[in-house]
Amino acid sequence: MKTLMRLRGKRIVGFLLALVIIIILGYGVEWAGLGVAGLVETGLLAMTPLALAAVGECINQKSGVVNIGLEGILLITAVTGVRGAELFGDGYLGLLTGLLMGAVIGFLFGIVSVYGRADQVVAGMGINLFALGFVPYLLMAIWAFPGIHIFPPELKVHPMYTPFGQLNAVTILAIIVSVLAHVLLHKTLLGLRIKAAGEKPEAVDVAGVRVDRIRILTSTLGGALCGLGGAFLSLAWFGGMVKEISAGRGFIALACVVFAGLEPLLALAAAFIFGFAEGFAFSVAVTPEIKRVMPGAFYFVNMIPYVTTLTVVTIAIGRRRFPSASGKPYTRE
Amino acid sequence: MRRFEIPVPVRPLVQSSVAVSIGLLVGALFMIIFGYDPIRAYYSLFMGAFGSIPDFVETIAFATPLMLTAITFAIGVKTGLFNIGAEGQMYLGAIGAVAVGGAITLPAGLHVAAATVFAMLLGAIWSLPAAFLKIRMGVHEVVSTIMFNWIAFHFAIYLAIYYLAEPGRAERTLPALPSAQYPRLMEEATLTAVIFVVLAFCIGVYVLLWGTRVGYELRLAGTNPDAARYAGVSSWRMMLLSFVIGGFAAGLAGASQIIGRPPAWSLYATLGNVITLGFDGIGVALIGRNHPIGGIFAAVFYGGLAHGGRYMEYDVGVSSELVRAINGLIVIALALPEIIAIIRRRLKR
């Protein structure tokens, strides 16, 4: 009980700290001559891929599949999304292409970790390393230009104008998905089975449900959500593709998952905090004001998302309990 | 008396070879998809990497930093850590080598040594925050080391542009002074005497791990934490030691590209001449079965891919980045302990 209190205390301190950071950043933004509304818009843009990747990872980690290859999936699907948009001539179909590509990678990862009985952390890192080379290779092989590709602006997924400012449809979808994931995990039979597959795979097996199928399903789902996030990066946010477009976001999403203790709604909250920090850095970095006053500050502003992630995770982490069969392959006796 | 015997690691060799073959095959598949000729590509890659003596020496020059960044990852695994922070620690090492090698004047012999040591120290210092967060706060090192890599990336560029830039040439830092440069070993290749320091470091880590009490405790803490605790091994000390040795290795890797790699003898402001060496080291470590000596051979293999990849790009037009993708594929294949068993079963049938 005491430890539980301490844990909760830590989490509250974490949230308070995040709030303080957000307020300070808000003032900083006013100083730099940016509107808070614009900042929230950028923050929500930055939140979207983080939330999608993190919520997907929450689901597959609940079932016992740990995929640290999010960074690589974001990178690969950012390219495939652009390619899809160009082939089909539509930004939304590009997003769909990214989602499908993510699902394929998630499915393969599921097969590899379930039937290949792989060391999941190593295999996930393999995805990251693969993407590091494969994405620049694709950029050269498809568009014959090194490291960067700008697609026609009419393919960009534009935000909608709502009473709350500019909002992207995918951002709303990401919030809905987080809520749905919460419902899936806590209110449905499938959710119960997913959680059991991560805690006591033997019990699931005895109950006549295939552990392997559940894990492959969640891994595919996690990959698909991450893939949508990757395609969002290039198609809806940056309007182009660079070979380091993910810039550590896959790992920031992992930090969200750790922070959230595998709860999708908490992961969404974490994604908002980190997205906000990133949106701040992004908005400030492009302000001419800052370059005039302190030319070197640009590089320190770029560090903000990473420092925020480290700080929040460190203070809020406590001792999280993760599924006991997490990352372990399951074989029937 | 402890007896040093050289075991012949047959099983790991077979596993690594199978994984490498899978990586190369899937790489060929990606070439076919985009209309390249994989046989010609691999032929020019292989001939470029190992076809002549100068090319082979150049391959070793490419392999040099990877032997070290592989150790950073490997010694982490030996202690039960997944330390992927070599990338950032290596940037700091490069900065350290530039700062002492390019901005300070010292007597000839001392200068090289001072630049090398300072680079290693900076690398180790950069590994400390992640070690602290892991030991005291329980923050997983996969997240923390990546965050520190990105912080180091921006920090190193900042230092390179604002404090260490070569006057009149904003695209790179001050070059290392001749007194801080390791001598070249060959006119036609960029290998320098830094390779001897690197090899000595690798062998040193090997002897430490398998020849000393501390090394035994390090490995025990990694393979069997419970037994280690029972034997009175302090797990936090072992983690700290593992991070620090990894930091030394990565720092030296960064230095090797500044004071041990002609013709630039300096760091590009984009970090272009060191970037991804830390991540490549992860793959090299895994191919070398997380062993310092295995890492040397794996690094030569990967150095061959990296050097030969440039010929492949020139001759056949396949982007040399594909080599990095193949590295990832090999890692994925290595994560599958069952493949070997499956293949063996198929062969027996």
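What counts and what doesn't
Residues numbered from 1 in each chain as written. Chains lettered and ligands numbered in written order. Predicted model: local features only at pLDDT ≥ 70, side-chain atom pairs only at ≥ 80, totals over all residues. Heavy atoms only, no water. Helix = DSSP H or I, 4+ residues; strand = E, 2+ residues; numbered from the N terminus. Contact = heavy atoms within 4.5 Å. Areas by Shrake-Rupley, 256 points an atom, 1.4 Å probe, with all protein chains shown as cover. Lys, Arg positive; Asp, Glu negative; His and termini not counted. Charge placed at Lys NZ, Arg CZ, Asp CG, Glu CD. Buried area = accessible area lost by both parts, 1.4 Å probe. Salt bridge = Lys/Arg side-chain N within 4 Å of Asp/Glu carboxyl O. Polar contact = N/O pair within 3.5 Å; in protein donor to acceptor, adjacent residues only side chain to side chain. Nonpolar A, V, L, I, M, F, W, Y, C, P; charged D, E, K, R; others polar. Phe/Tyr/Trp six-rings, centres within 6.5 Å; stacked < 30°, edge-to-face > 60°. Buried < 20%, exposed > 50% of the residue type's maximum accessible area, 1.4 Å probe, protein only. Lys NZ or Arg CZ within 6 Å of the ring centre and 35° of its normal. Axes fitted to C-alpha atoms, helices over the stretch in contact; angles between N-to-C directions. Parallel < 35°, antiparallel > 145°, perpendicular 65-115°, else oblique. Left-handed = near helix turned anticlockwise from the far one by under 90°. Pairing = 2+ DSSP bridges.

1. Some details on the overall build of chain B
Scanning chain B from N- to C-terminus turns up 14 helices and 2 strands. When the backbone C-alpha atoms are referred to their principal axes, chain B occupies close to 70 × 60 × 40 Å. Pairs at least 24 apart in sequence give 76% of the contacts found in chain B among residues at least 6 apart. Carbon and sulfur atoms form 68% of the exposed surface of chain B, whose accessible area is close to 14900 Å². Averaging the positions of the 23 positive and the 17 negative side-chain charges in chain B gives two centres separated by 13 Å.

2. Remarks on the interface of chain A and chain B
In this complex, chain A contributes 43 residues to the contact, which on the side of chain B involves 43 residues. Both sides together, the interface formed by chain A and chain B hides about 3900 Å², and carbon and sulfur atoms give 84% of it. Scanning the region where chain A abuts chain B turns up 0 salt bridges. Between chain A and chain B we count 2 residue pairs in polar contact (both at pLDDT 80 or more) in total. For the side of chain A that touches chain B, the elements supplying multiple residues, two or more each, are α5 (120-143), α10 (249-260) and α13 (297-316) of chain A. Across the side of chain A that touches chain B, the residue classes break down as 33 nonpolar, 8 polar and 2 charged.

3. Comments concerning the packing of aromatic side chains
Inspection of the entire model under this criterion finds 24 aromatic pairs over all chains. Each ring, one from Trp126(B) and one from Phe148(B), has its centre 6.0 Å from the other, and the planes form 85°; the classification is edge-to-face. Residue Trp126(B) is located in helix α5 (residues 108-137), and its partner Phe148(B) is located in helix α6 (residues 141-162); the two are separated by 22 residues in the primary sequence. The same class applies to Trp126(B) as to Phe148(B), namely buried. Chaining the aromatic ring pairs together yields one cluster made of Phe298(A), Tyr299(A), Phe300(A), Trp126(B), Phe148(B), Phe155(B), Tyr158(B), Tyr162(B) and Tyr163(B). The cationic tip of Arg261(B) hangs over the ring face of Phe62(B); the distance from NZ or CZ to the ring centre is 4.7 Å.

4. Points about the packing of helix α11 (residues 277-287) of chain B against helix α13 (residues 322-334) of chain B
Packed helices, taken two at a time, are described by the angle their axes make and the gap between the axes. All names here are of chain B. Across the interface, α11 lies against α13 with an axial gap of 9 Å and an inter-helix angle of 40°. As far as their axial angle goes, α13 and α11 are oblique. Where α11 crosses over α13, the two elements pack in a sense that is left-handed. Taking contact as the criterion, the partners of Asp-280, Gly-283, Val-284, Leu-286 and Ile-287 in α11 are, on α13, Arg-324, Asn-327, Ile-330, Val-331 and Leu-334.

5. Here's the deal with the packing of helix α3 (residues 70-88) of chain A against α5(A)
Residue and element names in this part refer to chain A. In the contact formed by α3 and α5, the axes pass within 7 Å of each other and the chain directions differ by 20°. Taken together, α3 and α5 sit at an angle that is classed as roughly parallel. At the point where α3 passes α5, the crossing takes the left-handed sense. Every residue of α5 that contacts α3 at Leu-70, Glu-71, Gly-72, Ile-73, Leu-75, Ile-76, Val-79, Val-82, Arg-83 and Glu-86 is listed here: Ile-127, Asn-128, Phe-130, Ala-131, Val-135, Leu-138, Ile-142 and Trp-143. The residue inventory of the contact of α3 with α5, partitioned by class, reads 13 nonpolar, 2 polar and 3 charged.

6. A few points about the pairing of strand β2 (residues 169-173) of chain B
Residue and element names in this part refer to chain B. In the sheet, strand β1 (residues 165-166) pairs with β2 via 2 bridges, with the strands oriented antiparallel. Paired with Glu-166 across the two strands is Arg-169, which belongs to β2. Between β1 and β2, which pair antiparallel and follow one another directly, the connecting turn spans 2 residues, one of which, Gly-168, has a positive phi of 85°.

Honestly, it's all geometry; don't read function into it.
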